[in-house]
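As a plain string of letters, each chain reads:
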Amino acid sequence: MTIEEIQEEIVDEFSMFDDWMQRYEYMIELGKSLPLINEKYKTEDNIIKGCQSKVWVHAELEDDKLVFTADSDAIITKGIIAILIRSFSNQRPQDIINADTDFIDEIGLKEHLSPTRANGLVSMIKQLKLYAVAYQTQLN
């Protein structure tokens, strides 16, 4: 699936819920299915700066596609990074760089997060895109 198709799927899933409590519960469930980062990558270097909670992200290039793993010490944050990783993992770095993240606004996520969590969301997106830039540079 393309990034766009995955993002449309996520928007469809979130639209099934009537209120934000159900959406939060769904995000927590998504967090439980997060491809967990290996403990050896839970280092200061892999912590996303700008998040209130601790969020670790690791990226590896496999067959010219980026594969992300992550973890967080907060359940909502774990759900947020799970949504982003689902969207961007197993994609070509250039596609990640070019991808927009409008689907976040479509599901209403940013407006239902506290300002510090919303800042953390922006930091997570920025970090995933930075990994893509770094790996794309290696491919060039």
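Residues numbered from 1 in each chain as written. Predicted model: local features only at pLDDT ≥ 70, side-chain atom pairs only at ≥ 80, totals over all residues. Heavy atoms only, no water.

J.: I would appreciate a short explanation of helix H6 (residues 115-139) in the present structure.
T.: Along an α-helix, residues three or four positions apart point the same way, because every turn accommodates 3.6 residues. For H6, which comprises 25 residues, the first-to-last C-alpha distance of 36 Å matches the rise-based estimate of 36 Å (1.5 Å per residue) to within 8%. Considered for burial, the residues of H6 that qualify are Ala118, Gly120, Leu121, Ser123, Met124, Ile125, Leu128, Lys129, Tyr131, Ala132, Tyr135 and Gln136. Among the structural elements, strand S1 (55-62), strand S2 (65-72), helix H3 (75-88), helix H4 (93-98) and helix H5 (102-106) are those in contact with the buried residues of H6. (Helix = DSSP H or I, 4+ residues; strand = E, 2+ residues; numbered from the N terminus. Expected span 1.5 Å × (residues − 1). Buried < 20%, exposed > 50% of the residue type's maximum accessible area, 1.4 Å probe, protein only. Contact = heavy atoms within 4.5 Å.)

J.: What should I look at first to understand the packing of helix H1 (residues 3-15) against helix H2 (residues 20-32) in this one?
T.: Two numbers describe a pair of packed helices, the interaxial angle and the distance between the axes. Running from N to C, H1 and H2 cross one another at 135°; their axes reach a closest spacing of 10 Å. Comparing their axes, H2 and H1 come out oblique. Where H1 approaches H2, its residues Glu13, Phe14 and Ser15 are matched on the opposing element by Arg23, Tyr26, Met27 and Leu30. Grouping the constituent residues of the contact of H1 with H2 by class yields four nonpolar, one polar and two charged. (Axes fitted to C-alpha atoms, helices over the stretch in contact; angles between N-to-C directions. Parallel < 35°, antiparallel > 145°, perpendicular 65-115°, else oblique. Nonpolar A, V, L, I, M, F, W, Y, C, P; charged D, E, K, R; others polar.)

J.: What is the right way to look at a negative patch on the surface in this model?
T.: There is a patch of like negative charges on the surface, built from Glu4, Glu5, Glu8, Asp12, Asp100, Asp102, Asp105, Glu106 and Glu111. Where the negative patch is concerned, the elements lending two or more residues are H1 and H5. For the negative patch, the element with the most residues is H1, which contributes four residues. Inspection of the secondary structure assignment puts Glu4 in helix H1. (Patch = residues over 30% accessible without salt bridge, like charges linked within 9 Å, V, L, I, M, F, W, Y side chains within 5 Å. Areas by Shrake-Rupley, 256 points an atom, 1.4 Å probe, with all protein chains shown as cover. Salt bridge = Lys/Arg side-chain N within 4 Å of Asp/Glu carboxyl O. Lys, Arg positive; Asp, Glu negative; His and termini not counted. Charge placed at Lys NZ, Arg CZ, Asp CG, Glu CD.)

J.: I keep staring at the UniProt feature "domain: Fe-S metabolism associated" (unreviewed entry) in the protein chain and nothing clicks. Help me out?
T.: In the numbering used here, UniProt assigns the "domain: Fe-S metabolism associated" (unreviewed entry) feature to residues 11-129. Split by type, residues 11-129 is 49% helix and 13% strand. Its first and last C-alpha atoms lie 21 Å apart. (UniProt positions renumbered as here; feature names shortened; annotations may be inferred.)

J.: What's the story with the packing of H2 against H3 in this structure? I'm lost.
T.: Across the interface, H2 lies against H3 with an axial gap of 7 Å and an inter-helix angle of 70°. It follows that H2 is roughly perpendicular to H3 by the angle criterion. For the pair formed by H2 and H3, the contact residues are Tyr24, Tyr26, Met27, Ile28, Leu30 and Gly31 on the first element and Ile75, Ile76, Lys78, Gly79, Ile80, Ala82, Ile83 and Arg86 on the second.

J.: Would you explain the packing of aromatic side chains in this entry?
T.: Between two aromatic rings, the relevant description is the distance of the centres plus the angle of the planes. Enumeration according to the criterion identifies five aromatic pairs in this entry. On the numbers, 6.5 Å between centres and 40° between planes, the contact of Phe14 with Trp20 is tilted. Judged by its relative accessible area of 1%, Phe14 is buried. Residue Trp20 is classed as buried on the basis of its relative accessible area of 12%. Here the aromatic rings of Phe14 and Tyr26 are separated by 5.4 Å at their centres, their planes lie at 75°, and the arrangement is edge-to-face. Highlighted residues: Phe14 in helix H1 and Tyr26 in helix H2, separated in sequence by 12 residues. By way of ring pairs, the aromatic residues Phe14, Phe17, Trp20, Tyr24 and Tyr26 are connected into one cluster. The lysine or arginine in question, Lys42, covers the ring of Trp56, its NZ or CZ lying 4.8 Å from the ring centre. (Phe/Tyr/Trp six-rings, centres within 6.5 Å; stacked < 30°, edge-to-face > 60°. Lys NZ or Arg CZ within 6 Å of the ring centre and 35° of its normal.)

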